[in-house]
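Take a look at the letters that make up each chain.
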Amino acid sequence: MSTTFTIHVDGAAIPARPGQTIMEACDAAGLYIPRLCDVEGLAPQGSCRVCTVRDNGRCVSACTQPAMPEAVIEHDTESMNRYRRDLVTMLLHEGNHLCPGCEASGRCELQAMAYRLGITDSNRLPYLQPVRPLDASHPLWVLDTNRCIFCSRCIRASREQDGKNVFEYVGRGIHKRLAVNGNHLADTSAQEGDHAMSDGICPVGCIIRKGEGFSTPIGQRRFDKHLIGEEIENKSGRSDLSTEEAQ
Amino acid sequence: MTDRAAPTDPDIPVNQSRSESRRIEIDPITRVEGHGKVSIHLNSAGEVDEARLHIVEFRGFERFIEGRLLWEVPVIVQRLCGICPVSHHLAAAKAMDQIVGVDQLTPTAEKMRRLMHYGQVLQSHVLHFFHLSSPDLLFGFDAPAEQRNIFAVIQAYPELARRAVLLRKFGQDIIEVTAGKKIHGTGAIPGGINRHLTLEERDRLLGQIDELTQWCRDALKVAENYCEQHLDMLKSFASFESNFLSLVREDGALDLYHGVLSAQDALGHPIFAEADLTRFNHYLHEEVKDWSYMKFPFIQSLGPESGWYRVGPLARINNCKGMTTSEADLALKRFRAVLGKHCGHSLAYHWARMIEVLHCIEVIARLLEDSDLLTGERVIKGVRREEGIGMIEAPRGTLIHHYKVDEHDQVQFCNLIVSTTHNNTAMNRAITMVAKQHLNGQPNLDDALLNHVEVAVRAYDPCLSCATHALGQMPLQIELLDAQGQRLQMLSR
Ligand code: SF4
Ligand code: SF4
C-alpha cells in the first residue's frame, strides 16, 4: 500500500500522507488555508473556524480534519470565503479593534486576515465595545483583553509547553472572556521564557510586551511587505498575490 | 431697540417685542475639524456688546487616554486633529521622553523629529494660507461666497494653486519618511525615533529643495505684497494689543521644536521666560466660563482680565530676536520695518506665517544635509519619572501636553492645552471688533458680516472654518436671539 495519496482541493491534486490534516497537506503543497487559532507547535483545536473547508460536501475545520484518500475539498471559493469573511468580521466587532492606535497593527494576524479576505465594510454589524480594564500589573507584559479573539493559543501554550495554567476562559457564550490564574497577571507564574508569553503566540494586540510599543517602523512590520499566508505560498514558489501595506 | 426687517422664511417665528439684550448667532452647520458657532450679543441700544466664539465640540480626549499605556499615547493623540496630527504626536512624545527619563535625545533622534516637525509646519502653513485664506485675500472679503474658495483660486491663479499643492505634498513626503506614513505615523517613540532616513529618501527630497525654496520666496511675496498694499485695512481690521506667548530658543531665536517658554507684553517687555518647561503651570492658569467647553488660559501674574495672550506665527515672530536662517531673517526685518516690532494686527498672522514657511524650507534644506539623519543611535532610556510635560510650537501656536504615568506604565492624568485654547480670548476679541465695526449700531444680518467674522477667525485657526474654503461655501446661519435665548430672527445661506 502506498504511503501517500491524493486529495482534490478546488480541483487541484494535492499529495497527502496518512495522519496529516487537510491543512498540513495543503501547507506542504504551498496552498494556504486561512487560520487564526492554529499555530505551529501547538496541537490544533479547530475553534476559530476560519479554516473551514467543505470535505466531500461537509463543513469541517481543515486544521483538525484528517486528509482522506480522494477527498474532494472546496476551499478557495466565493461561498467558503464569504463564511471566513463573516467569521473574521464578527471577531472585529466583538472586541475593540481600533487598529490605528494599536501597537500590534502591521503584525497582527486578525488585521492581516481582514486585509487578505478583503474585509472593507466595517459597519455591517453592531460593535459590542467591551469595557475590560487593562491588566498592566506585570513588569513585562500587559493584557488588553478587549482585543482577545479567543484563539486559546496562550492557554494551550501555557498548558502544553510551559506546564502551567496561566490563562483560562471564564464565562459562557457572549460573556466568555480570557482570565488569568490570579487577580492579575502579576499574581500568576508567568515569567520570562514562557512560551505562552512569547512573540507569535498571541495573534493580536492582547498580550503585549511592555516597552516595545511602536519601535518597529511602518514598512518593516511583519505584514507590511506581504499578505498573511504568503510565507506558506512562497515556500513552493506561489507568488500570485499582491501585497498591501497594513494601516 | 432697533428692529430689523422680518425674515423671509415664514417658518421662523418673529418676535419684535424684545428689549434689553439680543444675540445674533453665526452657526456653521457642518461639523468639520471642530464645530464653531459665533453669537453676537447686542445691548439694549442695538450696539454690539460682546461676541463669543463657541466651540461646541467636546473632545473628551483627556479622559479617553487615562489608563492607556505611555507608549501608545503619541500615536493615539494624533487623532485629535486632522490638520496637524504631527504636533500632537511630537508633543506627546516629548512628554513621554521625560517619563522614560530622557531630557536630551540623541542627535539623530532630535534631528529626525525636527525634520518631521518642520515638514509638517510647512505643509500646514501652506494649507492654511493658500487653501483656506488665500481666497479671502485674493478676491477680497466681500467677494461672493461662491468665489471665496480654493476652486476659484485654482481657476484664477492656476500656477499658484499648483505650487501650493506641490509644496504641501513635499511637507507630507517629509512626514512620511520620518513618521512612516503621511498621516498618523509612528516615528516618534518615547526616548527617540524608530527609523533613520534612507539615502534614497534623503536624495529624493534634497533634489526638490532649490525649486521649492523659490516657490516659498514667491509665496512670502504674495503675503508681503498683500499686507503692504492693504496697510490701512491691516491696522483697522481686528487689530489690537495683547501679550504674546511662544517658545523661543535659549538665545532668543525662533525655534519651532523646543525652547524657553516666553511671554512678552504688547510693548515687547518680558513677562516671564522659563527654561524648565515642567514649571509652565506656575505661569499659566486656565479659567472656565459657563458658555464654552474651551478653557481660557491666562498669565497668572497678570490675572484673567489682562493676562490673556496670543500664540501662533505672529506671537513667534514678535517674541523672537531673529531667525536662524538667513533669508527668513531678512524677511523678518522687512516685516518689522513695515509693521514694527510688536505688531498686533490679526491679518499680520498671514505674513508671519509665510516668513515661517520660508524658514521651514531653509531649515529642512540644512537638516537634509546632515548625516545624523542616516545613521546613529535612535532611542535611549534613563531613570523613570512619573510626570512629563511636552511642549512644541505647533503651526497655530504653543501646544502643551501634560501627563502623569503610574509605575505600571498607565496614564493617570492628562491635560492638553492646544493653540486654539491659548487664542480663545484673542479670537473672541477679534470677532467682537469685527462685529462692532461692521454692525456699527445698525445690526444688519448680511453675508458681509459672516465673511468678516470668518476672515478674523481664520487668521488664527482654520480648524473652525476649514469646511468653508476647502469644500466651497460653508452653510451658515445667523440667529438673532434675546437674552433668554429665544430666537428673534434667523438668516441662512
Ligand atoms: S489586535 Fe489587531 S485587529 Fe485588533 S486593534 Fe490591534 S491590530 Fe487591529
Ligand atoms: S490572549 Fe491572545 S492568544 Fe490568548 S486567547 Fe486571546 S487572542 Fe488568543
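Scroll up a little and you will see the structure.
Residues numbered from 1 in each chain as written. Chains lettered and ligands numbered in written order. Predicted model: local features only at pLDDT ≥ 70, side-chain atom pairs only at ≥ 80, totals over all residues. Heavy atoms only, no water.

Asks: Got a minute to help me understand unusual backbone geometry in this structure?
Replies: The phi angle of most residues is negative, glycine excepted, and most peptide bonds adopt the trans form. Positive phi is not limited to glycine here, since E70(A) has a value of about 65°. Among the secondary structure elements, E70(A) is positioned in the loop between β4 (58–61) and β5 (72–74). (Helix = DSSP H or I, 4+ residues; strand = E, 2+ residues; numbered from the N terminus.)

Asks: Would you mind going over the packing of helix α4 (residues 107–139) of chain B against helix α6 (residues 158–179) of chain B with me for this structure?
Replies: Packed helix pairs are characterised by how far apart their axes lie and by the angle those axes make with each other. Residues and elements named next belong to chain B. Remark: α4 packs on α6, axes separated minimally by 8 Å, with the N-to-C direction vectors making an angle of 155°. It follows from the interaxial angle that α4 and α6 lie roughly antiparallel. Considering the relative orientation of α4 and α6, their crossing is left-handed. A breakdown of the residues in the contact of α4 with α6 according to their chemical character gives 17 nonpolar, seven polar and one charged. (Axes fitted to C-alpha atoms, helices over the stretch in contact; angles between N-to-C directions. Parallel < 35°, antiparallel > 145°, perpendicular 65-115°, else oblique. Left-handed = near helix turned anticlockwise from the far one by under 90°. Nonpolar A, V, L, I, M, F, W, Y, C, P; charged D, E, K, R; others polar.)

Asks: How should the site of ligand 1 be read in this particular structure?
Replies: In the vicinity of ligand 1, the residues found are H97(A), L98(A), C99(A), C102(A), A104(A), S105(A), C108(A), L110(A), Q111(A), R147(A), V204(A) and G205(A). Here the shell around ligand 1 spans two domains, since at least three of its residues come from each of domain 1 (1–129 + 216–247) and domain 2 (131–215) of chain A. (Near = heavy atom within 4 Å. Domains from an automatic or database assignment.)

Asks: Sorry, what's going on with the interface of chain B and chain A here?
Replies: On the chain A side, the residues contacting the 19 residues of chain B number 20 residues. With both chains or domains summed, chain B and chain A bury close to 1600 Å², and 61% of this area falls on carbon and sulfur atoms. Our enumeration of links across chain B and chain A arrives at three salt bridges. With its nearest N and O atoms 3.7 Å apart, the salt bridge here joins K210(A) to D409(B). If you look at where chain B meets chain A, you find five residue pairs in polar contact (both at pLDDT 80 or more). (Contact = heavy atoms within 4.5 Å. Buried area = accessible area lost by both parts, 1.4 Å probe. Salt bridge = Lys/Arg side-chain N within 4 Å of Asp/Glu carboxyl O. Polar contact = N/O pair within 3.5 Å; in protein donor to acceptor, adjacent residues only side chain to side chain.)

Asks: I'm lost on the environment of I208(A) in this one. Help?
Replies: Note that I208(A) resides in strand β9 (residues 207–209). I208(A) sits 11 residues away from M197(A) along the chain, and the two C-alpha atoms are 8.6 Å apart. Once residues lying within four places of it in the same chain are set aside, the contact partners of I208(A) are E103(A), L140(A), W141(A), V142(A), R147(A) and L69(B).

Asks: I would appreciate a short explanation of helix α16 (residues 447–460) of chain B in the present structure.
Replies: In an α-helix, one turn spans 3.6 residues; hence positions three or four apart end up facing the same way. Counted at 1.5 Å a residue, the expected span for α16(B) with its 14 residues is 20 Å, and the 21 Å between its end C-alpha atoms agrees. Buried residues dominate α16(B), accounting for 13 of its 14 residues. (Expected span 1.5 Å × (residues − 1). Buried < 20%, exposed > 50% of the residue type's maximum accessible area, 1.4 Å probe, protein only.)

Asks: What's the story with the sheet that holds strand β14 (residues 411–417) of chain B in this structure? I'm lost.
Replies: Note on sheets: strands pair through backbone hydrogen bonds, and any given pair is parallel or antiparallel. Residue and element names in this part refer to chain B. One open sheet holds the three strands; their spatial order is β12-β13-β14, and the pairing between them is antiparallel. Two strands close off the open sheet at either side, each with one partner strand: β12 (387–394) and β14. Between one strand axis and the next, the sheet turns by 15° as a mean value, whatever way the strands run. Examined bridge by bridge, β12 and strand β13 (residues 397–405) share eight bridges and lie antiparallel to one another. Of the residues in β13, the one forming a bridge with A394 is G397. In this fold helix α3 (residues 85–99) packs onto β12, β13 and β14, with an angle of close to 150° to the strand it touches most, β12. (Pairing = 2+ DSSP bridges.)

Asks: Even after reading the chapter, I still don't get the nonpolar core, so can you show me in this structure?
Replies: Nonpolar side chains tend to gather and get buried jointly when the protein is soluble and globular. Judged by nonpolar contacts, the single largest core of 124 residues is most densely connected at I40(B), L122(B), F170(B), F335(B), I355(B), I364(B) and Y403(B). Looking at this core, the element that brings in the most residues is helix α13 (residues 348–368) of chain B, giving 15 residues. L36(A), L110(A), V204(A) and I228(A) belong to the second-largest nonpolar core, a separate cluster that totals 45 residues. (Core = buried A, V, L, I, M, F, W, Y, C linked by side-chain atoms within 4.5 Å.)

Asks: Is there a simple way to explain the sheet that holds strand β7 (residues 260–264) of chain B in this structure?
Replies: Residue and element names in this part refer to chain B. As summarised here, the arrangement of the four strands in space is β8-β7-β6-β11, forming an open sheet in which the pairing is mixed. Of all the strands in the sheet, just β8 (270–274) and β11 (309–310) have a single pairing partner and so form its edges. Both strand β6 (residues 243–248) and β11 contribute to a ladder of two bridges, which runs parallel. Bridge pairing in β11 places F244 opposite R310.

Asks: What exactly am I supposed to notice about the packing of aromatic side chains here?
Replies: How two aromatic rings sit relative to each other is set out by the distance from centre to centre and by the angle between their planes. Tallied over the full model, the rule gives six aromatic pairs over all chains. Cation over ring: K176(A) sits above Y169(A), and NZ or CZ is 4.3 Å from the ring centre. Taking NZ or CZ as reference, R310(B) lies 4.0 Å from the ring centre of F240(B), over its face. (Phe/Tyr/Trp six-rings, centres within 6.5 Å; stacked < 30°, edge-to-face > 60°. Lys NZ or Arg CZ within 6 Å of the ring centre and 35° of its normal.)

Asks: It is not clear to me how the site of ligand 2 should be interpreted in this structure. Could you clarify?
Replies: Ligand 2 sits among 14 residues. The nearest are C148(A), C151(A), S152(A), C154(A) and C202(A). Residues belonging to the shell around ligand 2 are distributed by class as follows: 12 nonpolar, one polar and one charged.

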